[in-house]
Amino acid sequence: MTFVSAANNPSAFSKMTSERLSSETSWSGLDPVSEQFPGLDRSQYGNLELELDTLNDTFWCFMRPTGRPSYTHELMNDIGRMQNSIANAFTMVPSSAPKPFSWFVMASAIPGIFNLGGDLGHFARRIRQGDLAALRHYGHVAVEAIHRNTIAFGAPIVTIALVQGDALGGGFEHALSFDLIVAERSAKLGLPEILFNMFPGMGAYSFLSRRMDRTRAEAMILSGRIYSAEELHEMGVVDVLAEDGEGQQAVQEYIARHDRKFNAHQATYRARRRVNPVTLDELTDVVDIWAEAALNLTESDLRKMDRLCAAQDRRLMAMQAPASTMMAAE
């Protein structure tokens, strides 16, 4: 397996990707990475780490938010730019040339956390200000990115979410938008929004009602319960269950087993989207319902949201403390 980090070594990424392109095509003599993936460098993707596994035909994206491990505007903007770069890459490749890659994996570089969900601090501020437009804007940006996942960026690829650790609220919704979910056995996934009198408005209802049924989807949403990946695997929500600490290996093994029949897999998921589509209009309409409901929250509800936000901050500080201690020791 050969990994090339676009963040740390863009020239190596360019060289190895060049080797995947036929010298007999019109791509000969070009820098294929700058043509296919403009802006793949650390300065433009401060919240993401991007890697290409050239031997296994897989593009990896690891989320590493610069602050709280939730969906900040900065993280969502980086994800959106990356998605557009990938979509443009496949559009630009001549039909006779090899595709840039076949498998896309979204994971997290934060130990124990996939993502903790929406930016609760931002929500609370905007709700107290009565700023419906800002809430709707945040939600629309989020579901536009989620919808691009849902359609695999419009490219002939298979998308995978690798969940290691907690995927809560919007983190769970994000994972649900991929073709497949691979999760480590003890990973925690759930929708806690009911704790502050809200519902998850950025895809949960749409995706869960298609992965199970309306009754069980609503029960999950209204319970606020946090599930283990093992439980969700039994329910059919998680596709592949991995042992703890072996998530990346499980993804690589899944790809190795199924790569020879990639055409069938990719076409099957494309058919799924046609038969039971999740449209951008549907996701956007639900966001508008969510934003309007948010303005109905009481100050008591918002204080509960504040406490969850503070708990996220404490968890982040606890994670950063060992690193600070190690740096001081050095």
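Quick look at the structure, then. (Residues numbered from 1 in each chain as written. Predicted model: local features only at pLDDT ≥ 70, side-chain atom pairs only at ≥ 80, totals over all residues. Heavy atoms only, no water.)

**A word on the pattern of salt bridges**
Scanning the entire structure with this criterion turns up 17 salt bridges. Between D239 and R211 there is a salt bridge whose closest N-O contact spans 3.4 Å. With D239 in the loop between α9 (229-235) and β11 (240-242) and R211 in helix α7 (residues 204-211), this residue pair connects regions lying 28 residues apart in the sequence. Where R216 meets D213, a salt bridge forms, and the shortest distance between an N and an O atom there is 3.1 Å. Taking the relative accessible area as the measure of exposure, D213 reaches 30% and is therefore partly exposed. Salt bridges sharing partners connect three or more residues here, namely R68, D119 and D313. (Salt bridge = Lys/Arg side-chain N within 4 Å of Asp/Glu carboxyl O. Helix = DSSP H or I, 4+ residues; strand = E, 2+ residues; numbered from the N terminus. Buried < 20%, exposed > 50% of the residue type's maximum accessible area, 1.4 Å probe, protein only.)

**Things to note about the sheet that holds strand β10 (residues 226-228)**
The strand order across the open sheet formed by four strands is β5-β7-β9-β10, and the pairing between neighbours is mixed. In this open sheet, the two edge strands, each paired with only one partner strand, are β5 (113-115) and β10. The sheet shows a mean angle of 20° between the axes of neighbouring strands, direction not considered. (Pairing = 2+ DSSP bridges. Axes fitted to C-alpha atoms, helices over the stretch in contact; angles between N-to-C directions.)

**Considerations on the layout of surface pockets**
In this model, the largest pocket occupies a volume close to 520 Å³. As for the largest pocket, its lining consists of 35 residues, and the residues nearest its centre are L116, G117, G118, G169 and G170. Broken down by secondary-structure element, the contributors of at least two residues to the lining of the largest pocket are α3 (73-92), α4 (120-129), α5 (132-150), α6 (170-176), α12 (280-294) and α13 (299-329). Per-element accounting of the lining of the largest pocket gives the leading share, six residues, to α5. (1 Å grid on protein atoms, 1.4 Å probe; cavity = no way out; pocket = protein on both sides within 12 Å on 5 of 7 lines; lining within 4 Å. Points joined across faces, edges and corners; volume = space filled by probe spheres on them.)

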